Amino acid sequence: MSIDLWRGRQARARVEVLLGALAFAASVPAGKVLLRDFQPLVLSGGLYLSAGLFCATLLAVESRRPTALGNRLQGQDWRWLGAAITAGGVLGPLALFYGLRWSSGYVAGLLLNFEAVFTVIFGSVFSSERVGRRGLGGILLIIGGAILLSGLGQGDTGATRPLGALLVVAACFCWGLDNNFTQRISLRDARRIVGIKGLVGGTASLGLAFLFGQTGAWPTLTSVLGVILIGSISYGLSIVLFIRGLRELGIVHTGALFALAPGFAALLSWTFLHEPIHPTALLALAGMTGGALLLSTDVHEHEHIDEAIEHAHEHEHDEHHQHEHRPGELEQVPHAHGHRRERLSHRHSHTHDVHHRHPH
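What you are looking at is a predicted structure, and each value in this text was computed from that prediction instead of being measured.

Cut-offs used in this document
- Numbering of residues starts from 1 in every chain and runs along the sequence as written.
- Restriction of local features to residues with pLDDT of at least 70 applies here, the model being predicted, together with a cutoff of 80 or more for giving and counting side-chain atom pairs; totals for whole chains, interfaces and linings are based on all residues.
- In computing side-chain properties, one takes all heavy atoms of the structure into account and sets aside hydrogens as well as water.
- Secondary structure elements follow DSSP: runs of H or I of four or more residues count as helices, runs of E of two or more count as strands, with numbering from the N terminus.
- Only heavy atoms matter for contacts: two residues are in contact if any of them lie within 4.5 Å across the pair.
- Here the accessible surface of atoms and residues is derived via Shrake-Rupley with a 1.4 Å probe, and residues count as covered only by protein chains that are part of the display.
- Each residue is placed in one exposure class: buried if its accessible area under a 1.4 Å probe, protein chains only, is under 20% of its type's maximum, exposed if it is over 50%, and partly exposed if it falls in between.
- Throughout this description, a polar contact denotes any pair of N or O atoms lying within 3.5 Å of each other; where both atoms belong to protein, one of them has to be capable of donating a hydrogen while the other can accept it, and for residues adjacent in sequence the pair is counted only when both atoms sit in side chains.
- One fewer than the residue count of a helix, multiplied by 1.5 Å, yields its expected span.
- The rule is short: rings of Phe, Tyr and Trp, with Trp giving its six-membered ring, pair when the centres are within 6.5 Å, and they are stacked under 30 degrees, edge-to-face over 60, tilted in between.
- Confidence of the predictor at the level of single residues is given by pLDDT, which spans 0 to 100.
- What makes a salt bridge here is a side-chain nitrogen of Lys or Arg within 4 Å of a carboxyl oxygen of Asp or Glu, nothing more.
- As used here, the term nonpolar core means buried Ala, Val, Leu, Ile, Met, Phe, Trp, Tyr and Cys residues forming a set that is joined through side-chain atoms within 4.5 Å.
- For every element, the axis is a line fit to its C-alpha atoms; helices are fit only across the contacting stretch, and the angle between N-to-C directions ranges from 0 to 180 degrees.
- Throughout, the term roughly parallel applies to angles under 35 degrees, roughly antiparallel to angles over 145, roughly perpendicular to angles from 65 to 115, and oblique to all others.
- Here is the rule for handedness: rotate from the far helix to the near one, and if that takes an anticlockwise turn smaller than a right angle the crossing is left-handed, while a clockwise turn gives right-handed.
- Amino acids are sorted into nonpolar (Ala, Val, Leu, Ile, Met, Phe, Trp, Tyr, Cys and Pro), charged (Asp, Glu, Lys and Arg) and polar (every other residue, Gly among them).
- By convention in this document, the label disulfide applies to cysteine sulfur atom pairs within 2.5 Å.

K.L.:
Honestly, the overall build of the chain in this entry has me stumped. Any pointers?
P.N.:
When you go through the chain residue by residue, the secondary structure sums to 12 helices and 4 strands. In the chain, of all internal contacts separated by at least 6 residues, the share reaching a separation of at least 24 is 89%. Total accessible area on the chain is roughly 15,600 Å²; 65% of this is exposed by carbon and sulfur atoms.

K.L.:
Quick question: what am I supposed to make of the environment of Gly-291 here?
P.N.:
With respect to the helices and strands, Gly-291 occurs in helix H12 (residues 279-296). Relative accessible area serves as the criterion here: at 0%, Gly-291 is assigned to the buried category. Along the sequence, Gly-291 and Ile-142 sit 149 residues apart, while their C-alpha atoms lie 5.5 Å from each other. When near neighbours in sequence (up to four residues on either side) are disregarded, Gly-291 contacts Gly-138, Leu-141 and Ile-142.

K.L.:
I'm lost on the side chain of Arg-191 in this one. Help?
P.N.:
Counting through the fold element by element, Arg-191 comes out in helix H9 (residues 190-211). Residue classification places Arg-191 among the buried residues on the basis of a relative accessible area of 16%. Looking at Arg-191, its side chain comes within polar contact range of the side chain of Asp-189, at 2.8 Å.

K.L.:
What exactly am I supposed to notice about H12 here?
P.N.:
Spacing of three or four residues puts side chains on the same side of an α-helix, whose turn is 3.6 residues. Compared with an ideal rise of 1.5 Å per residue, which puts 18 residues at 26 Å, H12 spans 26 Å between its outermost C-alpha atoms and is within 8% of the ideal. Taken as a whole, H12 has its buried residues at Ala-281, Ala-284, Leu-285, Gly-287, Met-288, Gly-291, Ala-292, Leu-295 and Ser-296.

K.L.:
I would appreciate a short explanation of the packing of aromatic side chains in the present structure.
P.N.:
One pair of aromatic rings is described through two measures. These are the centre distance and the angle between the planes. The final tally for this structure, using the stated rule, is 10 aromatic pairs. Aromatic side chains Phe-24 and Tyr-235 sit 5.8 Å apart centroid to centroid with 70 degrees between the ring planes, which places their arrangement in the edge-to-face category. Separated by 211 residues along the polypeptide, Phe-24 in helix H1 (residues 3-25) and Tyr-235 in helix H10 (residues 221-258) bring together distant segments of the chain. Relative accessible area serves as the criterion here: at 7%, Phe-24 is assigned to the buried category. Joined through ring pairs, the aromatic side chains of Phe-24, Tyr-48, Trp-175, Tyr-235, Phe-242 and Phe-258 make up one cluster.

K.L.:
Help me out: how do you make sense of the confidence of the model for the chain in this one?
P.N.:
Interpretation of the predicted coordinates at a detailed level should be avoided for regions scoring low in pLDDT. Scored by pLDDT, the chain comes out at a mean of 77, with 74% of its residues at no less than 70. Here strand E4 (residues 344-350) is the element of the chain with the lowest mean pLDDT, 51, and helix H3 (residues 40-61) is the one with the highest, 91. Every residue in residues 154-158 is under pLDDT 50, and counting partners more than four places away or in other chains gives 8 contacts.

K.L.:
Would you mind showing me how to read helix H11 (residues 260-272) here?
P.N.:
Its 13 residues place the ends of H11 18 Å apart at the C-alpha level, agreeing with the 18 Å of an ideal helix rising 1.5 Å per residue. Burial in H11 covers these residues: Leu-260, Ala-261, Pro-262, Gly-263, Ala-265, Ala-266, Ser-269 and Trp-270. Directly beyond the C-terminal end of H11, a positive phi value near 55 degrees is found at His-274.

K.L.:
Help me out: how do you make sense of the environment of Val-194 in this one?
P.N.:
Summarising the element assignment, Val-194 is placed in helix H9. Between the alpha carbons of Val-194 and Ala-56 there is a distance of 8.6 Å; along the sequence they are 138 residues apart. Setting aside residues no more than four positions away along its own chain, Val-194 makes contact with Gly-52, Cys-55, Tyr-235, Gly-236, Ile-239, Val-240 and Ile-243.

K.L.:
Honestly, the pattern of salt bridges in this entry has me stumped. Any pointers?
P.N.:
For side chains of opposite charge, pairing can occur when their charged atoms come near one another. Within the structure shown, the criterion is met by 4 salt bridges. Ionic pairing is found between Glu-16 and Arg-244, a salt bridge with its closest N-O pair at 3.0 Å. Of this pair, Glu-16 sits in helix H1 while Arg-244 is found in helix H10, placing the two residues 228 residues apart along the sequence. In this structure, Arg-188 and Asp-77 form a salt bridge, with 2.8 Å as the shortest nitrogen-oxygen distance. With Arg-188 in the loop between helix H8 (162-183) and H9 and Asp-77 in helix H4 (residues 77-101), the pair connects residues that are 111 residues apart, well separated along the chain. Assessed through its relative accessible area of 14%, Arg-188 is described here as buried. Asp-77 sits in the buried class, given a relative accessible area of 9%.

K.L.:
Sorry, what's going on with the nonpolar core here?
P.N.:
Residues Leu-43, Leu-96, Phe-97, Leu-112, Phe-114 and Tyr-235 are the most contacted members of the largest nonpolar core, which totals 73 residues. By residue number, the principal contributor to this core is H10, which donates 14 residues. Excluding anything up to four places from it in sequence, Phe-97 contacts Gly-31, Leu-35, Pro-40, Leu-43, Ser-44, Leu-47 and Tyr-235.

K.L.:
Whenever I open this one, the packing of H9 against H10 confuses me. Can you help?
P.N.:
What describes two packed helices is the angle between their axes and the distance between those same axes. Interaxial distance between H9 and H10 falls to 9 Å at its minimum, and their mutual angle equals 135 degrees. The pairing of H9 with H10 is recorded here as oblique in orientation. H10 is crossed by H9, and the crossing has right-handed handedness. Here H9 contributes Ala-190, Arg-191, Ile-193 and Val-194 to the contact with H10, which in turn contributes Tyr-235, Gly-236, Ile-239, Val-240, Ile-243, Arg-244 and Arg-247. Per-class residue counts for the contact of H9 with H10 are 7 nonpolar, 1 polar and 3 charged.

K.L.:
Please clarify how the state of the cysteines should be interpreted in this entry.
P.N.:
Formally, a disulfide is one covalent bond, and it connects the sulfur atom of one cysteine to the sulfur atom of another. Per the counting criterion, the structure on display carries 0 disulfides. Unpaired in terms of disulfides, Cys-172 finds its nearest cysteine sulfur in Cys-174, a separation of 9.2 Å. For Cys-172, a relative accessible area of 0% puts it in the buried group.

K.L.:
I would appreciate a short explanation of the environment of Leu-141 in the present structure.
P.N.:
The topology assignment puts Leu-141 in helix H7 (residues 133-149). When its relative accessible area of 35% is taken as the criterion, Leu-141 is described as partly exposed. Distance from Leu-141 to Ala-286, taken between C-alpha atoms, is 9.3 Å for residues 145 residues apart in sequence.

Listed below in structure tokens is the structure:
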């Protein structure tokens, strides 16, 4: 197949990441409401446990698919997943929901742009992904917007305290690490990754809640159903789409597109929580959203060599997947099996997906 097929997958991945960003954004105003009935540890655990059960259900429904075997976690994958669960499945949500206690929904939502900053920085340092002038400009706009928000802690916007903002940024730091750890295993089935992350992370958070006596009164059925719904969509489906983006777009590009989530969260908070709108916050929203867009278009084109590699993942037969098949491997399209990609030299615009890990 041609480069056009590869570009089609890239376009589809961008749409999926944007939908994931919107789904995650809904958790900010919803989280503010649910915190009225749940302690932060309980809410964090419930959301992640719901995400894990949602993905486990999806896997159970399609357990007989031939592609499942080619995408199973193995070997070193478990270490990366363990690190991702600790950083993103336990510490990140815990910091966010404690931070939401002392932050207005839209300020917390906009501060979540720091996840993109940490993701890009870690991706550049640890994975050698390229950040061009456009990307650097986007990072500066996001940081500038966050600085503007720091002046909204008091006054007529009310509810944001410095500690609350700091905890939201700490959550972003944890998720930046989580994103980079997860990228190392993004070839595997995203539903399986999120299922394990949600079940383990959610159980750990609920266990800590019981240990520290934070369970509180028994919640209403409506609140429980709210946790299940938000956990399934904002954490389950959202993270699945994010991991699929990591596979096709790389850490920097996926993290940049997902950086639109805080803008979505701010708009949803203004709309559904009826929080006051400060002119400075509107300026911050414009700058940070512009920064996210700059980051998302930071792609490049040059002559490059894709080294020979052997791996297994779900794929179609584009220019990067020209290989022989054994009987039965073509039963599913796209399909997953172990295959070898030979050394290839060519030129086209690209991001740092799993087939474009090369020096610059």
